[in-house]
Amino acid sequence: MESILKTQNLTITFGGHIVLKEINVSIQRNRFTSIIGPNGAGKTTFFNLLSGQLKPTQGRIFFRDQDVTQLSPDARTRLGIGRSFQITDVFPHLTVLENVRLAVQARAGIHFHVFYPKQKMKELEDKAMEWLKKALLEHKKNELATYLTHGEKRKLEIAMLLALETELLLLDEPTAGMSLEEVPMILELIQSLKDEQNRTILLIEHKMDMIRNLSDQVLVLYQSELLAQGTPEEIMQNELVQSAYLGGDFLAP
Amino acid sequence: MKWEKKWIFGAMIALFLFVLPWIYDSRSTLILITQIFIFAVFAMSYDLLLGYTGIISFGHAMFFGIGAYSTGIGLMRNGETWTALLYALGITVILCLLLSHVVGMLSLRLKSHYYAMLTLAFTGLLQVGAEKWRSLTKGNDGFTFHIPEFLMDRKIFYLFSLLFMIIIFLFLYQLISSPFGKVLQAIRENERRALSLGYQVVHYKVWANVIAGVIAGLSGMVYALSLRFINTSVFAVDITLDVLLMTIIGGVGTLLGPIIGAALIETAHEMLTELADVHWLFERWIILFGLIYILVVLFFPKGIVGTWNEWMKKERWKKWNRLGL
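Residues numbered from 1 in each chain as written. Chains lettered and ligands numbered in written order. Predicted model: local features only at pLDDT ≥ 70, side-chain atom pairs only at ≥ 80, totals over all residues. Heavy atoms only, no water.

- The name given to chain B in an unreviewed UniProt entry is Branched-chain amino acid transport system permease protein, and the organism recorded there is Thermoflavimicrobium dichotomicum.

- As annotated in an unreviewed UniProt entry, chain A is Branched-chain amino acid transport system ATP-binding protein from Thermoflavimicrobium dichotomicum.

Have a look at this one:
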């Protein structure tokens, strides 16, 4: 299986504090990889490095064998690295539909068009509606994003990410802060993405059952380092991982 | 349905404005309304930056002044012909394009206040330049010039300015609802997210700056034509502040707002100047405007049109709720 994303000695320090230390991982194409680890282990920072929000102090990142370490976030998105944010990050005073349409438009490479034909505009909108339907948000399409509930904003966030149709998806705790009844729906959505088998997905999560069911591979970050990697079963039997989490019952089935 | 109503209403107002000179033929009123049209265009171009892209400029007058000076100098040197005016148009567009591009490239990749400061500095530079280059500009005293005879007629000029405003309005309306315009609004809303969607934010900002600059230049041209006189005051900070005020009072992020703002400020300006005989304070109208400005920012940050839109929305919600929807 070929790898789509590789990091080489990826290190970042803030001041004197080492946040990530020499991370070497290789992500297989069309596989589902989860990243776990206690708070402050550097999971989101790792995502920020991959998507370009932060530049590493040391080390390199390869996407499809291309060195992307120095590329800006927008250039990486155009290459095919899409990401959702843990803190919802939408365009508050645009409508839900416009939010998604902006992503569709970015994906279609429509940039400096002032006199854009109405018919084609409609096509963009239809495409955006498809993604909204997938995220079960179509009934809110004319609502301003700022008036959505937290859970709905997360759904919008995911719809926007999907609309980018990138090869690699970075999902940063997609269910964080959602009400319990909303979680299964997002899970279903992620499961369906996985089932399509044409995307590489990286997921940061705390919910273990979710990780067990979805992941092909699990990476464990602990105190700035890559503690272990393997299939979910391997990880759960890993003693290092067990002891890293208090008492080990974190991973108990 | 609602959408069409809006356009019919707009067309009716436009029609009324078109026939106004024949209904109510007052020279001073016509001149005032003509000024409103011109400043409305200037304010709309400013709002493209402030309201739609989220860029604050303290030197939008630089483009206005360039347009005005190109017109004045061109018409004085080459005579009051249409060809001379066409030349002036070409020079305005080219200079505004270049300058807005340079200023944009220099500062728009940095944080927003650098852009504000740089525009302020550039405008100051141009103002000093206009003062010192006396052989070209006659300095602070300025000069008068003639315009093509066709435009001399006040009614014709009124119609010309009205048409100018309508064309720019329609153009900007098209722009803000286009894919390009939506990205500008996305940048205003959340620059980081616009980047992470893959948009090259800096290019968008520079283009917004260029379009706003050229339109401001055009409004400066019409302004000079209306006065048939020019001096360095077209580069003054007051002009930028006026237009900032018009945009904020009228409503940022709307196109109607700057037009209404321009109408209010210009009318108030006119009335207060007339009241100068009554009390000296009225002559210092900028003091009063400063006060209004503070009050608006504190209590109506969305301006007239923005507040109206919000209120209408609430009313609609109420109606829905009453219907049990």
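Moving on from the coordinates now.
1. Quick look at the domain arrangement of chain A
Residues and elements named next belong to chain A.
Phase 1 of the analysis: You can read the domains of chain A as domain 1 (1-80 + 167-253) and domain 2 (91-165).
Phase 2 of the analysis: Distance from the C-alpha centre of domain 1 to the C-alpha centre of domain 2: 26 Å.
Phase 3 of the analysis: Taken residue by residue, the interface counts 18 residues in domain 1 and 15 residues in domain 2.
Phase 4 of the analysis: Both faces combined, the contact of domain 1 with domain 2 buries some 1,300 Å², and carbon together with sulfur accounts for 70% of it.
Phase 5 of the analysis: Three residues, Glu182, Met185 and Leu189, lead the burial of domain 1 against domain 2; their summed loss comes to 33% of the area buried on that side.
Phase 6 of the analysis: Taken together, the connections running from domain 1 to domain 2 amount to 1 salt bridge.
Phase 7 of the analysis: Connecting domain 1 to domain 2 are 4 residue pairs in polar contact (both at pLDDT 80 or more).
Phase 8 of the analysis: Contributing elements (two or more residues each) for the side of domain 1 that touches domain 2: β8 (168-172) and α6 (183-196).
Phase 9 of the analysis: When residues in the side of domain 1 that touches domain 2 are grouped by element, the largest group, 5 residues, is from α6.
Phase 10 of the analysis: Within the side of domain 1 that touches domain 2, the residues separate by chemical class into 10 nonpolar, 2 polar and 6 charged. (Domains from an automatic or database assignment. Contact = heavy atoms within 4.5 Å. Buried area = accessible area lost by both parts, 1.4 Å probe. Salt bridge = Lys/Arg side-chain N within 4 Å of Asp/Glu carboxyl O. Polar contact = N/O pair within 3.5 Å; in protein donor to acceptor, adjacent residues only side chain to side chain. Helix = DSSP H or I, 4+ residues; strand = E, 2+ residues; numbered from the N terminus. Nonpolar A, V, L, I, M, F, W, Y, C, P; charged D, E, K, R; others polar.)

2. Some details on the sheet that holds strand β4 (residues 32-36) of chain A
All names here are of chain A.
Phase 1 of the analysis: Strand order in the open sheet formed by 6 strands is β7-β8-β9-β4-β10-β11, with mixed pairing between adjacent strands. The open sheet has two free edges, formed respectively by β7 (81-83) and β11 (225-230), since each of these has just one partner strand. Each strand axis lies, on average, 20° off the axis of its neighbour in the sheet, ignoring direction.
Phase 2 of the analysis: As judged from the 5 bridges shared by strand β10 (residues 217-222) and β11, these two strands associate in the antiparallel manner. Residue pairing across strands places Tyr222 opposite Glu225, the latter belonging to β11. (Pairing = 2+ DSSP bridges. Axes fitted to C-alpha atoms, helices over the stretch in contact; angles between N-to-C directions.)

3. Considerations on the nonpolar core
Phase 1 of the analysis: Counting residues in each nonpolar core, the largest one holds 139 residues, and the members touching the most others are Val100(A), Leu156(A), Met44(B), Leu48(B) and Leu197(B).
Phase 2 of the analysis: Domain assignment of the residues forming this core places at least three in each of domain 1 (1-80 + 167-253) and domain 2 (91-165) of chain A.
Phase 3 of the analysis: Not counting the four nearest positions on each side in its chain, Leu48(B) is found in contact with Thr53(B), Leu172(B), Leu175(B), Ile176(B), Leu184(B), Ala208(B), Ile211(B) and Ala212(B).
Phase 4 of the analysis: Leu10(A), Ile23(A), Ile35(A) and Leu168(A) belong to the second largest nonpolar core, which has 25 residues in total. (Core = buried A, V, L, I, M, F, W, Y, C linked by side-chain atoms within 4.5 Å. Buried < 20%, exposed > 50% of the residue type's maximum accessible area, 1.4 Å probe, protein only.)

4. Structural notes on the packing of aromatic side chains
Residues and elements named next belong to chain B.
Phase 1 of the analysis: Here the structure, examined in full by the defined rule, presents 15 aromatic pairs over all chains.
Phase 2 of the analysis: An angle of 50° between the planes, with centres 6.2 Å apart, marks the rings of Trp82 and Phe150 as tilted. Separated by 68 residues along the polypeptide, Trp82 in helix α4 (residues 82-107) and Phe150 in the loop between β1 (143-144) and α7 (154-177) bring together distant segments of the chain.
Phase 3 of the analysis: Each ring, one from Phe169 and one from Tyr173, has its centre 6.3 Å from the other, and the planes form 25°; the classification is stacked. With Phe169 and Tyr173 both in helix α7, this residue pair falls 4 residues apart, about one helical turn. (Phe/Tyr/Trp six-rings, centres within 6.5 Å; stacked < 30°, edge-to-face > 60°.)

5. Topic: the interface of chain B and chain A
Phase 1 of the analysis: Of the residues lining the interface, 28 residues belong to chain B; the matching set on chain A comes to 33 residues.
Phase 2 of the analysis: Both faces considered, chain B and chain A share a buried interface measuring about 2,800 Å² in area, 59% of it formed by carbon and sulfur atoms.
Phase 3 of the analysis: It is Pro179(B), Arg193(B) and Leu197(B) in chain B that bury the most area against chain A; as a group they hold 25% of the surface buried on that side.
Phase 4 of the analysis: Where chain B packs against chain A, one counts 3 salt bridges.
Phase 5 of the analysis: Between Asp89(A) and Arg192(B) there is a salt bridge whose closest N-O contact spans 2.9 Å.
Phase 6 of the analysis: Applying the counting criterion to the chain B and chain A interface returns 12 residue pairs in polar contact (both at pLDDT 80 or more).
Phase 7 of the analysis: Put simply, the parts of the chain that give the side of chain B that touches chain A at least two residues each are α7, α8 (179-189), α9 (191-196), α10 (201-227) and α14 (303-322) of chain B.
Phase 8 of the analysis: Residues that form the side of chain B that touches chain A fall into these classes: 13 nonpolar, 9 polar and 6 charged.

6. A look at unusual backbone geometry
All names here are of chain A.
Phase 1 of the analysis: The phi angle at Asn30 is positive, at roughly 60°, despite the residue not being glycine.
Phase 2 of the analysis: Mapping Asn30 onto the fold places it in the loop between β3 (26-28) and β4.
Phase 3 of the analysis: With relative accessibility at 31%, the residue Asn30 sits in the partly exposed group.
Phase 4 of the analysis: Phi angles above zero are rare outside glycine, and Glu165 is one such case at about 50°.
Phase 5 of the analysis: Note that Glu165 resides in the loop between α5 (150-163) and β8.
Phase 6 of the analysis: When its relative accessible area of 31% is taken as the criterion, Glu165 is described as partly exposed.

7. Some remarks on the pairing of β10(A)
Residues and elements named next belong to chain A.
Phase 1 of the analysis: When you tally the buried positions in β10, you get 5 out of 6 residues, the bulk of the element.
Phase 2 of the analysis: As paired strands, β4 and β10 are joined by 4 bridges and run parallel to one another. Paired with Ser34 across the bridge in β10 is Val218.
Phase 3 of the analysis: With antiparallel pairing between neighbouring strands as the criterion, β10 and β11 make up a hairpin whose turn holds 2 residues, including Gln223 at a positive phi of roughly 45°.

8. Observations concerning the side chain of Thr175(A)
Phase 1 of the analysis: Turning to its location among the elements, Thr175(A) is positioned in the loop between β8 and α6.
Phase 2 of the analysis: Look past the residues within four positions of Thr175(A) in its chain and what remains in contact with it is Val183(A), Ile186(A), Glu205(A), Lys207(A) and Met210(A).

9. Describing helix α2 (residues 27-53) of chain B
Residues separated by three or four positions in an α-helix point in the same direction, a consequence of the helix having 3.6 residues per turn.
Residues and elements named next belong to chain B.
Phase 1 of the analysis: Given a rise of 1.5 Å per residue, 27 residues ought to cover 39 Å, and the 38 Å separating the end C-alpha atoms of α2 matches this to within 8%.
Phase 2 of the analysis: The sharpest bend along α2 measures roughly 40° and falls at Asp47.
Phase 3 of the analysis: A positive backbone phi angle near 80° is found at Gly54, which sits one or two residues after α2. (Expected span 1.5 Å × (residues − 1). Bend = angle between axes of the 7 residues up to and from the residue.)

10. What to know about the confidence of the model for chain B
Phase 1 of the analysis: Here chain B averages 87 in pLDDT, while 94% of its residues score no lower than 70.
Phase 2 of the analysis: Mean pLDDT values for the elements of chain B range from 73 in α14(B) up to 94 in α10(B). (pLDDT = per-residue confidence, 0-100.)

11. A short note on the packing of α2(B) against α7(B)
Packed helices, taken two at a time, are described by their axes: the angle between them and the distance between them.
Residue and element names in this part refer to chain B.
Phase 1 of the analysis: Two numbers describe how α2 lies on α7: the axes approach to 9 Å, and their chain directions differ by 20°. When the axes of α2 and α7 are compared, the pair comes out roughly parallel. In the packing of α2 onto α7, the handedness of the crossing is left-handed.
Phase 2 of the analysis: Among the residues making up the contact of α2 with α7, the classes are represented as 19 nonpolar, 3 polar and 3 charged. (Parallel < 35°, antiparallel > 145°, perpendicular 65-115°, else oblique. Left-handed = near helix turned anticlockwise from the far one by under 90°.)

12. Details of the UniProt feature "transmembrane region" (unreviewed entry) in chain B
Residue and element names in this part refer to chain B.
Phase 1 of the analysis: Those residues carrying the UniProt feature "transmembrane region" (unreviewed entry) are residues 7-24, 30-49, 56-76, 82-108, 156-176, 206-227, 239-265 and 285-308 in this numbering.
Phase 2 of the analysis: Taken end to end, residues 82-108 is 96% helix and 0% strand, and its two terminal C-alpha atoms sit 37 Å from one another.
Phase 3 of the analysis: Helix and strand shares over residues 239-265 are 81% and 0% respectively, and the end C-alpha atoms of the span are 12 Å apart. (UniProt positions renumbered as here; feature names shortened; annotations may be inferred.)

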